[in-house]
Structure formats: C-alpha cells, structure tokens
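Reading the structure
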Amino acid sequence: SQTIHQWPATLVQPVGSPLSLECTVEGTSNPNLYWYRQAAGRGLQLLFYSVGIGQISSEVPQNLSASRPQDRQFILSSKKLLLSDSGFYLCAWRAPGNGYTFGSGTRLTVV
Amino acid sequence: EDKVVQSPLSLVVHEGDTVTLNCSYEVTNFRSLLWYKQEKKAPTFLFMLTSSGIEKKSGRLSSILDKKELSSILNITATQTGDSAIYLCSPIFITDKLIFGTGTRLQVFP
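Quick notes on the rules
- Residues numbered from 1 in each chain as written.
- Chains lettered and ligands numbered in written order.
- Predicted model: local features only at pLDDT ≥ 70, side-chain atom pairs only at ≥ 80, totals over all residues.
- Heavy atoms only, no water.
- Helix = DSSP H or I, 4+ residues; strand = E, 2+ residues; numbered from the N terminus.
- Buried < 20%, exposed > 50% of the residue type's maximum accessible area, 1.4 Å probe, protein only.
- Contact = heavy atoms within 4.5 Å.
- Areas by Shrake-Rupley, 256 points an atom, 1.4 Å probe, with all protein chains shown as cover.
- Lys, Arg positive; Asp, Glu negative; His and termini not counted.
- Charge placed at Lys NZ, Arg CZ, Asp CG, Glu CD.
- Pairing = 2+ DSSP bridges.
- Axes fitted to C-alpha atoms, helices over the stretch in contact; angles between N-to-C directions.
- Disulfide = S-S within 2.5 Å.
- Polar contact = N/O pair within 3.5 Å; in protein donor to acceptor, adjacent residues only side chain to side chain.

Examining the overall build of chain A
On a plain count of helices and strands, chain A comes out with zero helices and eleven strands. Listed by position from the N terminus, the elements making up chain A come as β-β-β-β-β-β-β-β-β-β-β. Principal-axis analysis of the C-alpha atoms places the extent of chain A at approximately 40 × 25 × 20 Å. A burial count over chain A gives 49% of its 111 residues as buried. By sequence separation, contacts in chain A at least 24 residues apart represent 54% of the contacts at least 6 residues apart. With the model as given, the accessible surface of chain A reaches about 5000 Å², and the carbon-plus-sulfur share is 52%. Both charge centroids of chain A, one from 8 positive and one from 5 negative side chains, sit 7 Å from each other.

In structure tokens:
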C-alpha cells in the first residue's frame, strides 16, 4: 500500500540552528512531492514542490531549501533557523492519476 | 499572482444549522479544485471538483464548482460538533502545483 512518512512529529530548535525535515513515500514511484507550512490558525502555504529527482520549484523566497536526493524522498532544510520559521510543516504527495495525501506533519518551534 | 480567498474566515453555529463555505480563486492554468477538512493535524480529503456545475455529495456535505465565476461552495447540512474544523479550498494547476486558501474555521456548538 501507498504511505507517506514524515518525521519528527515535534521539534524545538534554537534560533540560528540548522534544520532537516524528512519525508518519504512508500508503495509508489515518481510521485509529485510538496512541502507546506501552516502558521497557527491559518491556511497552508506552499513552500516547495517537486515533480522528479533533482527538480525543485520554490514558491516562497526565504531561508529554507528543499532537496530530492531520491525518487521518494523529499527533504526540507535550513542553515540557520529564524523565529518566523516556527509553524506546522506538512509534506504531501501525489502519484500520477491519484489524489493528494498528506503526512502527519512536524510542529516546529524555534526558540 | 495566484490567489485563493475563502469566506468567511470563521463561523460559529449551533448543531443542526446549515452552513455554506465559499472559495474564490484567481489562478493561471487551473485544472481542478479540492476541498479538505483539517482537524488537528494533516488535512483529510473531502472532494475533488473538475467539472463546472456538477454537485458532489458525501453524506451531509456537498460541493459544486463554478468555473465561470471562478468559485466553489461547500455546504454542510444538519451540522454536528464533529464538523468543527478548518475547511481548506485548494486549486490544482495543470502543472500539479497545489495551493491552499486561507481556510474557514468552523465551530459547531451543541
């Protein structure tokens, strides 16, 4: 079956520290992958999406970056976190012809 | 610039009421529109709308797309406390890019 894994579930990081959030998909190949951020009580903001290995589209200029080193792996990174990076981060995927499915999310608090 | 606006931003009703949530969009290369319900964590899928004027129903929820007006509505009849959530509208682009509206926070009180 097709599943999406996202970790960690919660993360507390100090300002200026690096970040790495990982998302992997199982049971499919060549999925479209997405990273979203949700501030408290707000909608989802698209950060990055990828239609293939090494192909990353950036939607919001900021100190975050994304990489797709393998077909079913999508990583969200930052070299130095800001307080404003706090939020709920969601990974999503779409296999061709199928609907969109979300991971369980990572709640990031930058202190 | 691509834009998705949902209204109202927040809605408080009593059980048994009927609610209508609105979504309007201005996007290039539009393909379809999704509705999601988000309670505590990840959004869960409700509807995908591709054709204009065709209502989709699931229990007490229904939704319809109007491509001419660039809008969609989500109706919930006989609301229950379990309907309390944020409802998100999401246009899909031809490129498979997927963006979300601001969401409508619905609170249903007994």
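Now that the structure has been shown, the text picks up again.
Focus: the sheet that holds strand β9 (residues 85-93) of chain B
All names here are of chain B. Spatially, β2-β10-β9-β4-β5 is the arrangement adopted by the five strands of the open sheet, whose pairing is mixed. If you trace the sheet from one side to the other, it starts and ends with β2 (10-14) and β5 (44-49), each paired once. Pairs of neighbouring strands in the sheet enclose a mean axial angle of 25°, with direction left out of account. Alignment of β9 against strand β10 (residues 104-109), held across three bridges, turns out to be antiparallel. Note on β10: the bridge partner recorded for A85 is L106.

Description of the state of the cysteines
Tallied over the full model, the rule gives two disulfides over all chains. Between the sulfur atoms of C23 of chain A and its disulfide mate C91 of chain A the distance is 1.9 Å. Looking down the S-S bond of the C23 of chain A and C91 of chain A bridge, the torsion is -70°, so its handedness is left-handed. Placement of the pair is C23 of chain A in strand β3 (residues 19-26) and C91 of chain A in strand β9 (residues 87-94), with a sequence separation of 68 residues. Between the sulfur atoms of C23 of chain B and its disulfide mate C89 of chain B the distance is 1.8 Å. In this structure, the disulfide formed by C23 of chain B and C89 of chain B twists by about -40° around the S-S bond and is classed as left-handed. Linking C23 of chain B in strand β3 (residues 19-26) with C89 of chain B in strand β9, this pair joins segments that are 66 residues apart in sequence. Since its relative accessible area comes to 0%, C89 of chain B is described here as buried.

Concerning the side chain of S63 of chain B
Residues and elements named next belong to chain B. Examined against the element boundaries, S63 turns out to sit in strand β7 (residues 61-66). The class of S63 is buried, set by a relative accessible area of 2%. Of note is the side chain of S63, whose polar atom sits 3.1 Å from the side chain of W35. Beyond its immediate stretch of four places on either side in the chain, S63 contacts W35, F47, L49, I54, E55, K56, S72, I73 and L74.

Remarks on the sheet that holds strand β1 (residues 3-7) of chain B
All names here are of chain B. Taken in spatial order, the five strands make up an open sheet running β1-β3-β8-β7-β6, and their pairing is antiparallel. The sheet terminates laterally at β1 and β6 (56-58), the two strands that pair on one side only. Going across the sheet, the axis of each strand differs from the next one's by a mean of 15°, ignoring polarity. Examined bridge by bridge, β3 and strand β8 (residues 71-76) share six bridges and lie antiparallel to one another. When the bridges of β8 are listed, S24 appears paired with S71.

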